[in-house]
Amino acid sequence: MGQLPTPSPPHRGVHHHGGSTVAWRPSRSPAPSERHLVIHMRDKRPRRIRRGGRGPLAVAALLSAVLVVAACGSGSEAGNTPSGGQSTPQTSSEQTQPSSPASETPPTASSDAGSGTASSTTGGATPADLVPAAIRDKGKIVVAFDASTPPGEFVDTDGKTIIGQQPDIVAAVMKVLDLDYEAVNAPFDNILPGLVDGKYDIGQAGMFATTEREKQVDMVSYAWDGTAFYVPADSNAVFNSPEDLCGVDLAVQIGSAQDNDAKEQSAKCVAEGKKPVNVLTFNSGSDEQLAVQSKRAQVGWDTASTVTYLAKTTNSAVKISGDIMRAPSPKCTAFPKGNGMAAAFAAGIDQIIADGTYDKIQEKWAMENTKIDSATVNPVESGLIPG
């Protein structure tokens, strides 16, 4: 089935999760390896997201400018010379992969998929030239994942290998940037503080861009997802919006956008004379999911890709409840504020989009409808989305 275009970002002033509601459903009822997601806008014709910010020409101009400045400077090449003797990254994407949810499994992002550091710009410049000297001089950088939300990022059956769409994207971009890295598993709400404190160099946890987050870290978009509610398979409850949560036991991951939105909604419920939302927070997506499956919580709230995956792969223990809601911001990778890595990573994303690696990864994990056309640094600050 041909891919339908992804919806455009909402207009300024739309509350998180409160924009146009979309119905996102499998086109039929296939096995997990064959599923496809389709987005239909209720209030307008669907169209592919076109984001402001960095397109291929903009990246070319930026990298060309870097070379001109370097040529006019002192002649130092410390910031542009890759460190020698690069060792093989200890990452999930370079280890044996399980059968992916897609009907055909492309090469892993760190092996055959991608073009390494092949030039994506004029004059022989590469995204690797944008990597700050301080980052390259580390020899190996640390990437923190919250490996509890499939198919974006989760732990393989060996109990230690981190696999999914996000590890594959990181592996592909690190190959473009010629950087060695170590993948670590961390709780979602520990990742931003870890970036601020210097414990991690990159945070990859499916974070939505927000004003508050961009005050702490730099963010680079890599996909556009929605959010959805899910309930035990035998539940008849239907949740179409946060307004339906008053008086309900809700499971969310601590520190997530859904956690913040649920607490805001709870205050609204009380102001309207209704019962508050009983927000149950969990350190991992796995614990959140278990709370719903065990009926400790009446409903869970997570990203649309995760909820759809769960509904297809948990032996019908849970199901989607109501319509899938479009998130008003893209999912982003995070970096320590102002250290320069965001520009390099964004150029790397644009490179793998241009060479086809990105499409292969999205198709491998059946996430075609979360694709973007180019990366944007700090989507809120850049004006791509409302603050």
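Residues numbered from 1 in each chain as written. Predicted model: local features only at pLDDT ≥ 70, side-chain atom pairs only at ≥ 80, totals over all residues. Heavy atoms only, no water.

### Things to note about the nonpolar core
Using the following cut-off: In these notes, a set of buried Ala, Val, Leu, Ile, Met, Phe, Trp, Tyr and Cys residues joined through side-chain atoms within 4.5 Å is what counts as a nonpolar core. Exposed residues in this analysis have more than 50% of their type's maximum accessible area, buried residues have under 20%, and partly exposed residues fall in between, with area computed by a 1.4 Å probe over protein chains only. Note on conventions: DSSP H or I runs of at least 4 residues are helices, E runs of at least 2 residues are strands, and numbering of each starts at the N terminus. Working rule for contacts: check all heavy atoms of both residues, and any pair within 4.5 Å makes them a contact.
Met174, Met341 and Ile349 are the most contacted members of the largest nonpolar core, which has 62 residues in total. Element by element, the count of residues in this core is highest for helix α9 (residues 341–354), at nine residues. For Ile349, the residues in contact, after removing those within four places along its chain, are Ile169, Val173, Ser221, Tyr222 and Ala375. In this structure, Leu245, Cys246, Leu250 and Ala262 belong to the second largest nonpolar core, which totals 14 residues.

### With respect to the confidence of the model for the protein chain
Operational definition: pLDDT gives the predictor's per-residue confidence on a scale running from 0 to 100.
Confidence in the prediction of the protein chain, expressed as mean pLDDT, is 77, and 68% of residues score 70 or more. Below pLDDT 50 for its whole length, residues 1–122 participates in 258 contacts with residues either more than four positions away or in separate chains.

### Details of the pairing of strand β12 (residues 278–282)
Consecutive side chains along a regular strand alternate between the two faces of the sheet. Applicable threshold: When DSSP locates at least two bridges between a pair of strands, those strands are taken to pair. Crossovers are described as right-handed under a simple rule: with the strands pointing away from the observer, the path leading from the first strand over the helix to the second runs clockwise.
As judged from the five bridges shared by strand β11 (residues 249–253) and β12, these two strands associate in the parallel manner. Bridge pairing in β12 places Leu250 opposite Val279. As a crossover connection, the stretch from β11 through helix α6 (residues 257–271) into β12 is right-handed.

### Points about the pairing of strand β10 (residues 226–232)
Burial runs high along β10: seven of the seven residues are buried. Relative to strand β14 (residues 318–326), β10 runs antiparallel, the two sharing six bridges. Bridging from a neighbouring strand, Tyr230 pairs with Ile320 of β14.

### Observations regarding the packing of aromatic side chains
As a reminder of what qualifies: Any two of the Phe, Tyr and Trp rings considered here, Trp counted by its six-membered ring, make a pair once their centres fall within 6.5 Å; the pair's planes then place it as stacked at under 30 degrees, edge-to-face at over 60, or tilted in between.
One pass over the full model with this rule turns up five aromatic pairs. Relative to Trp365, the ring of Phe154 has its centre 6.0 Å away and its plane inclined at 85°; by these criteria the two rings are edge-to-face. A residue pair is termed long-range when its members are at least 10 positions apart, and Phe154 in strand β5 (residues 153–155) and Trp365 in the loop between α10 (357–364) and α11 (379–382) qualify at 211 residues. Per residue, the accessibility class of Phe154 equals that of Trp365, and both read buried. Each residue in the set Phe154, Tyr309 and Trp365 is aromatic and connected to the rest through ring pairs, giving one cluster.

### Brief notes about unusual backbone geometry
At the junction of Pro150 and Pro151, the peptide bond is cis and its omega measures out at 0° in the coordinates. Phi at Asp178 is positive, roughly 60°, even though this residue is not glycine. Classification of Asp178 by relative accessible area gives partly exposed; the value is 25%. Despite not being glycine, Lys295 has its phi angle at roughly 70°, a positive value.

### Describing the pattern of salt bridges
Condition: Salt bridge, as used here: a side-chain nitrogen of Lys or Arg that lies within 4 Å of a carboxyl oxygen of Asp or Glu.
Throughout the structure, instances matching the rule amount to eleven salt bridges. In this structure, Lys331 engages Asp225 in a salt bridge whose closest nitrogen and oxygen atoms are separated by 3.4 Å. In this pair, Lys331 sits in strand β15 (residues 331–336) while Asp225 sits in the loop between β9 (217–223) and β10, placing the two residues 106 residues apart along the sequence. Among the ionic pairs, Asp259 bridges to Lys263, the shortest N-O distance being 3.1 Å. In this pair, Asp259 and Lys263 both sit in helix α6, four residues apart, roughly one turn of the helix.

### Quick word on the sheet that holds strand β6 (residues 162–163)
Within a beta sheet, neighbouring strands are joined by backbone hydrogen bonds and run either parallel or antiparallel to one another. Spatial ordering of the open sheet is given by β4-β5-β6, a layout of three strands whose pairing is antiparallel. Each having just a single partner strand, β4 (148–149) and β6 make up the two edges of the open sheet. Pairing between β4 and β5: two bridges, direction antiparallel. Paired with Thr149 across the bridge in β5 is Glu153.

### Topic: the state of the cysteines
Put simply, the rule is: Any cysteine sulfur atom paired with another within 2.5 Å is treated as part of a disulfide.
All chains considered together, the criterion is met by one disulfide. The side chain of Cys246 participates in a disulfide bridge whose partner is Cys269; the two sulfur atoms lie 1.9 Å from each other. Here the disulfide of Cys246 and Cys269 is left-handed, its torsion about the S-S bond being about -80°. With Cys246 in the loop between β10 and β11 and Cys269 in helix α6, the pair connects residues that are 23 residues apart, well separated along the chain. One exposure class covers both Cys246 and Cys269, and it is buried.

### Side note on α10
To keep it simple, the criterion reads: Throughout, the arc means the angular range of directions from the helix axis out to the C-beta atoms.
By the burial criterion, the buried members of α10 are Thr357, Tyr358, Ile361, Gln362 and Lys364. What you see down the axis of α10 is that its buried residues fit within an arc of 160°, all on one side. Looking at the buried residues of α10, the elements they touch are α3 (165–177), β9 and α9. Once α10 ends, the next one or two residues include Ala366, with phi positive near 55°.

### Description of the side chain of Thr306
Our working rule: By the criterion applied in these results, polar contacts are pairs of N or O atoms within 3.5 Å in which, for protein atoms, one can donate a hydrogen and the other can accept it, and in which residues neighboring in sequence qualify only through two side-chain atoms.
Turning to its location among the elements, Thr306 is positioned in helix α8 (residues 304–313). A polar atom in the side chain of Thr306 sits 3.0 Å from the side chain of Thr303. Leave out the neighbours within four places in its chain, and Thr306 touches Thr149, Pro150, Pro151 and Gln289.

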